[in-house]
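Descriptive analysis of the structure
If you want the building blocks of each chain, they are given just below.
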Amino acid sequence: MLMNEIIKRIEARPVCGDVCSLRTDDFEFAFASDLMSDVLRLTYEKTMLVTGLCNVQTIRTAEMAEIKLIIICRGKKCDDQMFKIAKECDICLLETNYSVYRVCGELYSYGIKPLY
Amino acid sequence: MEFLFEIEGANFSVAGNASSTIKRALKQRDVDPAKIKRIVVALFEAEINVVAHADHGTIRVLIEDHQVQMFVKDFGPGIEDVKEAMREGYSTASNSVREMGFGAGMGLPNIKRNADVFEIESIKGLGTNAHIIIYL
Ligand SMILES: Nc1ncnc2c1ncn2[C@@H]1O[C@H](COP(=O)(O)OP(=O)(O)OP(=O)(O)O)[C@@H](O)[C@H]1O
Ligand SMILES: [Mg+2]
């Protein structure tokens, strides 16, 4: 499976990091939440985060949880401070105008598995 | 190795910086990644709680050969019923804290899950003291 295919399906804009160098094999799972402590509860790596929360804390949370790919939904735009921290932590960012629900639907039908 | 941080209440733009510094220090010391994750998730939750719920506080981290100790102390409203606060889903987070992505009521349970030792003491109206140990 190719990251390109996912990017196309959710009409995403890669805004930080070399997303295309990531392999979908490294992302068996996806988890969606706007509440960061729910994300910090996850123990499984190989997970991408789908969220409508778009601030520095989204990135910090991914840093602590070892999440390497974040899909920011609902047309929210990342700012420079988010880019800076994401780069330092090797985290890739995708922005899309789709809702969290739609992104999850696309990912699910593409074979990305849920965690619970 | 010892680290000291001052934490400012309500300042979400720098919240997590202390935990990030500790993460880098642990990586440099080649600590097992699974342990690093437990340590930084517990510390980050404690750091965010100071920012989200208290006026200001301090974090002291001691990285020793066999364990990492974290002392998180704050001045603020304190917690009236610590046992209740430990319950998954219990949260008094304000709307502005929720807008920053916190308030699931999962922070203290997450600390407990990741820590080998977690002691928390609070005096209402004064502040909260947490001591977290994770063995290496
Ligand atoms: N340092 C603190 N000072 C005062 N109250 C606190 C402090 N830490 C926690 N609390 C109280 O305990 C409750 C539960 O804390 P917990 O960290 O589990 O959840 P939360 O901070 O509300 O949300 P989350 O951590 O999931 O984002 C808080 O809502 C708050 O009422
Ligand atoms: Mg909390």
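This write-up is about the structure you can find in this document. Every chain is numbered on its own, with residues counted from 1 as its sequence reads. To read the labels, note that chains go from A and ligands from 1, taken in the order they are written. Side-chain atom pairs in this predicted model are given and counted only at pLDDT of 80 or more, local residue features only at pLDDT of at least 70, and totals for whole chains, interfaces and linings cover all residues. Only heavy atoms go into the side-chain values, all of them from the structure, while hydrogens and water stay out.

Considerations on the nonpolar core
In terms of nonpolar packing, the biggest core is built from 66 residues, with L93(A), L26(B), V61(B) and F118(B) touching the most fellow members. The leading source of residues in this core is helix α2 (residues 33-53) of chain B, at twelve residues. In what follows, a contact means two residues having at least one pair of non-hydrogen atoms within 4.5 Å. Once residues within four sequence positions are removed from consideration, L93(A) is found in contact with R13(A), P14(A), V15(A), C16(A), V19(A), I59(A), I70(A), C78(A), F83(A) and A86(A). Grouped together as the second largest cluster of nonpolar side chains are 22 residues, I6(A), A30(A), L94(A) and V103(A) included. Nonpolar core, defined: a set of buried Ala, Val, Leu, Ile, Met, Phe, Trp, Tyr and Cys residues in which side-chain atoms within 4.5 Å join the residues together. With a 1.4 Å probe rolled over the protein chains alone, any residue whose accessible area is under 20% of its type maximum counts as buried; one over 50% counts as exposed, and the rest are partly exposed. The way it works is that DSSP assigns letters per residue, a run of H or I at least four long becomes a helix, a run of E at least two long becomes a strand, and they are numbered from the N terminus.

Some words on the environment of G127(B)
Residues and elements named next belong to chain B. Along the chain, G127 falls in strand β5 (residues 127-135). Taking relative accessible area as the criterion, G127 reaches 10% and is therefore assigned buried. Counting along the chain gives 50 residues from G127 to P77, while the straight-line C-alpha distance between them is 5.7 Å. The contact partners of G127, leaving out residues within four places of it in the chain, are D74, F75, G76, G78, E121 and S122.

Remarks on the packing of aromatic side chains
Each Phe, Tyr or Trp ring (for Trp, its six-membered ring) is paired with any other whose centre lies within 6.5 Å, and the angle between the two planes then decides the class: stacked below 30 degrees, edge-to-face above 60, tilted in between. Tallying each qualifying case throughout the model produces five aromatic pairs over all chains. Taking 6.4 Å as the distance between ring centres and 70° as the angle between the ring planes, the aromatic pair formed by F31(A) and Y116(A) counts as edge-to-face. Of this pair, F31(A) sits in strand β2 (residues 29-32) while Y116(A) sits in the segment after β6 (113-114), and the two are 85 residues apart along the sequence. Judged by relative accessible area, Y116(A) falls into the exposed class, the value being 70%. Taken together, a centroid distance of 6.1 Å and an interplanar angle of 15° make the contact between F12(B) and F102(B) stacked. You can see F12(B) sitting in the loop between β1 (2-8) and α1 (17-28) and its partner F102(B) sitting in the loop between α4 (95-99) and α5 (107-114), a full 90 residues away along the chain. Each member of the pair F12(B) and F102(B) is classed as buried. Aromatic ring contacts, followed pair by pair, group F12(B), F44(B) and F102(B) into a single cluster. A ring has a charge above it when a Lys NZ or an Arg CZ is no more than 6 Å from the ring centre and no more than 35 degrees off the ring normal. Cation over ring: R102(A) sits above Y98(A), and NZ or CZ is 3.8 Å from the ring centre. Just above the ring of F71(B) sits the side chain of R60(B); from NZ or CZ to the centre is 4.9 Å.

Focus on the site of ligand 1
Near ligand 1 lie 21 residues; those nearest to it are D74(B), S91(B), T92(B), G103(B) and M106(B). Throughout, the term near means that a residue has one or more heavy atoms lying within 4 Å of the molecule or strand in question. Mapping the residues adjacent to ligand 1 onto the chains of the assembly identifies chains A and B. Between ligand 1 and the protein, one listed contact pairs a nitrogen atom with a side-chain N or O atom of D74(B) at 2.8 Å. Residue L108(B) places a main-chain N or O atom 2.9 Å away from an oxygen atom belonging to ligand 1. Protein contacts shield 96% of the accessible area of ligand 1, which totals 590 Å² for the unbound molecule. Only α2 and α5 of chain B provide two or more residues apiece to the shell around ligand 1. The residue classification treats Ala, Val, Leu, Ile, Met, Phe, Trp, Tyr, Cys and Pro as nonpolar and Asp, Glu, Lys and Arg as charged. All others, Gly included, are polar. Here the residues of the shell around ligand 1 sort into nine nonpolar, ten polar and two charged. Polar contact is defined as a pair of N or O atoms within 3.5 Å, subject to the rule that within protein one atom must be able to donate a hydrogen and the other to accept it, and that residues adjacent in sequence are counted only when both atoms are side-chain atoms. The Shrake-Rupley method, run with a 1.4 Å probe, gives the accessible areas here. Residue values count only the displayed protein chains as cover.

Some words on the packing of helix α3 (residues 56-65) of chain A against α1(B)
Across the interface, α3(A) lies against α1(B) with an axial gap of 11 Å and an inter-helix angle of 30°. Taken together, the axes of α3(A) and α1(B) are roughly parallel relative to one another. By crossing handedness, the relation of α3(A) to α1(B) is classed as left-handed. Residue-level contacts link R60(A), E63(A) and M64(A) of α3(A) to N17(B), S19(B), S20(B) and K23(B) of α1(B). Residues of the contact of α3(A) with α1(B), tallied by class, amount to one nonpolar, three polar and three charged. Here an axis means a line fitted to C-alpha atoms, over the contact stretch when the element is a helix, while the angle between two N-to-C directions is reported on a 0 to 180 degree scale. Geometric relationships in this document are graded by angle, where less than 35 degrees denotes roughly parallel, more than 145 denotes roughly antiparallel, 65 to 115 denotes roughly perpendicular, and other angles denote oblique. Each crossing is labelled by how the near helix is turned from the far one, with a counterclockwise turn of less than a right angle marking it left-handed and a clockwise turn marking it right-handed.

Looking at the side chain of R60(A)
With respect to the helices and strands, the residue R60(A) is situated in helix α3. The buried category is assigned to R60(A), whose relative accessible area is 6%. In terms of polar contacts, R60(A) uses its side chain to reach the side chain of E63(A), at 2.7 Å. Not counting residues up to four positions away in its chain, the partners in contact with R60(A) are I85(A), A15(B), G16(B), N17(B), S20(B) and F44(B).

A closer look at the sheet that holds strand β5 (residues 92-95) of chain A
All names here are of chain A. Strand pairing requires that DSSP identify at least two bridges connecting the strands. In spatial order, the strands read β1-β5-β4-β3-β2-β6; together these six strands make up an open sheet with mixed pairing. Each of the sheet's edge strands pairs with one partner strand only, and the pair in question is β1 (13-16) and β6. As paired elements, β1 and β5 share three bridges and run antiparallel to each other. Within the sheet, the bridge partner assigned to R13 lies in β5 and is E95. Seen against the sheet, helix α5 (residues 100-109) touches β2, β3 (47-51), β4 (69-72) and β6 and runs at an angle of roughly 150° to β3.

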